[in-house]
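What follows is the residue order along each chain.
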Amino acid sequence: MFMYKLNDGQQIPDFGFGTYKLNGRTGVQSIVSAINNGYTMIDTAYNYENEGTVGRAISESGIDRDKLTVTSKLPGRYYAYDDAITALQESLYRAHLDYFDLYLLHWPNPKKGMYVEAWQALIDAQKFGLVKSIGVCNFLPEHLEKLQKETGILPAINQIELHPYFNQKSMRDFDHDNGIVTMDWSPLGRASAVLKNPLLTALGEKYHKSVGQIILRWEHQLDTIPIPKSASPVRQRENMNIFDFEISNIDMEKINALTKSDGRNKDQDPAVYEEF
Ligand SMILES: NC(=O)C1=CN([C@@H]2O[C@H](COP(=O)(O)OP(=O)(O)OC[C@H]3O[C@@H](n4cnc5c(N)ncnc54)[C@H](OP(=O)(O)O)[C@@H]3O)[C@@H](O)[C@H]2O)C=CC1
Ligand SMILES: O=C(O)C(=O)[C@@H](O)[C@H](O)C(=O)CO
């Protein structure tokens, strides 16, 4: 597995596992299965209310902690400095972990205007050793520029919605030009219509792969990190099995052309959408 080198010197895998909606005992079983299937990076969030589920799965899997990259996220209601530090400590407590490999601001929530204060808390949390790397989700160029201007420190990761119907070319370019690695949420479009797209279906037949594998391979070749979620051990294995083929440049361009300006799954435009 390829490792991305982050702007703070840390390294993270080029593929991960999403856990939104994996909760409780069945969630533990799915996450243990993902770890046994070879996933080494796990994405959770305070707001998924499953950091405990993730922690339990890590312990039941028996894997060494240092073989895993574990990510969690700070919800917008805790963006005041002291609240952010307390929430991060609570996240760690719930997950039964001493540190996160990566901790992200979950949404910029620009109307609330507190993401710089929260970012300062993450900068300090990294110094305290609570987290190895710090990043953001759903940040637009103007939000990143503000972090740079006011703290001098840019995120290591920007986790954004990315799939063939919303390929985020300009945001990817901005991240790349600023040394930020792009990670893809809902990389399979949350199993929406994209999985039935005729071009992707035809490419699946051409490369002898499923539509999901075509999409995830395309995201890999865009130099981004997909983190597909699946409760099913069979689909977990399917989703990881993308490292034995290569999509041609011409076919990459065809997939790139599927993007739509209104292609977001749920109309969550971070310029206006707020989540706490
Ligand atoms: N930072 C942010 O703001 C956000 C972060 N995230 C993170 O990104 C992760 C991934 O995104 P998510 O929204 O879950 O969506 P995904 O694009 O990963 O899609 C998950 C859905 O696809 C199905 N699925 C998985 N594999 C396949 C396959 N090979 N063929 C067909 N269907 C499949 C799953 O069903 P089944 O489980 O039955 O296999 C599930 O319904 C999240 O779990 C979360 O960790 C997500 C949204 C926002
Ligand atoms: O899943 C997440 O990380 C989110 O940020 C949510 O917004 C999620 O995308 C959602 O759909 C909530 O309704």
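Note that the structure is a prediction, hence the values are computed from the model and not measured.

**Student:** Got a minute to help me understand the nonpolar core in this structure?
**Tutor:** Where a protein is soluble and globular, its nonpolar side chains tend to be buried together. One finds Phe-100 and Leu-105 to be the most contacted residues of the largest nonpolar core, which totals 69 residues. Per element, the largest residue contribution to this core is 8 residues, and it comes from helix α4 (residues 115-128). Aside from chain neighbours lying at most four places away, what touches Phe-100 is Glu-51, Arg-65, Val-70, Ser-72, Leu-88, Ser-91, Leu-92, Ala-95, Leu-130, Val-131 and Lys-132. Tyr-4, Leu-6, Met-183 and Ile-227 belong to the second largest nonpolar core, which has 13 residues in total.

**Student:** Help me understand the site of ligand 2 in this model?
**Tutor:** Contacts to ligand 2 come from Tyr-20, Tyr-48, His-106, Trp-107, Arg-190, Lys-266, Gln-268, Tyr-273 and Glu-275. Tyr-48 is positioned such that a nitrogen or oxygen atom in its side chain is 2.4 Å from an oxygen atom of ligand 2. Coverage of ligand 2 by the protein amounts to 83% of the 330 Å² it exposes when considered alone. Grouping the constituent residues of the shell around ligand 2 by class yields 4 nonpolar, 2 polar and 3 charged.

**Student:** How should I be thinking about the pattern of salt bridges in this particular structure?
**Tutor:** Any two side chains of opposite charge can pair, so long as their charged atoms come close to each other. Taken as a whole and judged by the stated rule, the model has 12 salt bridges. Put simply, Arg-94 and Glu-90 hold a salt bridge, and the shortest N to O gap is 3.0 Å. Taken together, the residues Arg-94 and Glu-90, both in helix α3 (residues 81-95) and 4 residues apart, mark about one turn of the helix. Residue Arg-94 is classed as partly exposed on the basis of its relative accessible area of 30%. The exposure class assigned to Glu-90 is partly exposed, which follows from its relative accessible area of 30%. Overlapping salt bridges bring together Arg-25, Arg-56 and Glu-60 as one network.

**Student:** It is not clear to me how the side chain of His-106 should be interpreted in this structure. Could you clarify?
**Tutor:** Take His-106: it is sitting in the loop between β6 (100-105) and α4. Apart from the residues lying within four places of it in its own chain, the contact partners of His-106 are Ala-45, Tyr-48, Lys-73, Leu-74, Tyr-79, Cys-137, Asn-138 and Glu-275.

**Student:** Please clarify how the pairing of strand β9 (residues 181-185) should be interpreted in this entry.
**Tutor:** Remember that side chains alternate between the two faces of the sheet whenever the strand is regular. In terms of burial, β9 is largely enclosed, as 5 of its 5 residues are buried. Burial along β9 is two-sided: the residues Val-181, Met-183 and Trp-185 and Thr-182 and Asp-184 are all buried. In terms of strand pairing, strand β8 (residues 157-161) meets β9 through 5 bridges, oriented parallel. Its bridge partner being in β9, Glu-161 is matched across the sheet by Trp-185. In this fold, β8 hands off to helix α6 (residues 169-177), which returns the chain to β9; that crossover is right-handed. One ladder, built from 2 bridges, connects β9 with strand β10 (residues 225-226); its direction is parallel. Bridge pairing links Asp-184 to Pro-226 in β10.

**Student:** It is not clear to me how the site of ligand 1 should be interpreted in this structure. Could you clarify?
**Tutor:** Around ligand 1 sit 27 residues in total, of which Asp-43, Gln-159, Arg-190, Ser-230 and Arg-235 are the nearest. Separating an oxygen atom of ligand 1 from a side-chain N or O atom of Asp-43 is a distance of 2.6 Å. Within the backbone of Gly-189, an N or O atom sits 3.4 Å from an oxygen atom of ligand 1. Burial of ligand 1 by the protein amounts to 87% of the accessible area it has alone, namely 900 Å². Here the shell around ligand 1 takes 3 residues from helix α9 (residues 233-240), the largest share from any one element. Residue composition of the shell around ligand 1, grouped by class: 12 nonpolar, 9 polar and 6 charged.

**Student:** Could you clarify how one ought to interpret the sheet that holds β6 in this entry?
**Tutor:** Within a sheet, each strand pairs with its neighbour through backbone hydrogen bonds, oriented either parallel or antiparallel. The 8 strands lie next to each other as β3-β4-β5-β6-β7-β8-β9-β10, forming an open sheet whose pairing is parallel. Strand pairing shows two members of the sheet lacking a second neighbour, β3 (17-18) and β10, which therefore form its edges.

Conventions used here
Residues numbered from 1 in each chain as written. Chains lettered and ligands numbered in written order. Predicted model: local features only at pLDDT ≥ 70, side-chain atom pairs only at ≥ 80, totals over all residues. Heavy atoms only, no water. Core = buried A, V, L, I, M, F, W, Y, C linked by side-chain atoms within 4.5 Å. Buried < 20%, exposed > 50% of the residue type's maximum accessible area, 1.4 Å probe, protein only. Helix = DSSP H or I, 4+ residues; strand = E, 2+ residues; numbered from the N terminus. Contact = heavy atoms within 4.5 Å. Near = heavy atom within 4 Å. Polar contact = N/O pair within 3.5 Å; in protein donor to acceptor, adjacent residues only side chain to side chain. Areas by Shrake-Rupley, 256 points an atom, 1.4 Å probe, with all protein chains shown as cover. Nonpolar A, V, L, I, M, F, W, Y, C, P; charged D, E, K, R; others polar. Salt bridge = Lys/Arg side-chain N within 4 Å of Asp/Glu carboxyl O. Pairing = 2+ DSSP bridges. Right-handed = clockwise from strand over helix to strand, strands pointing away.

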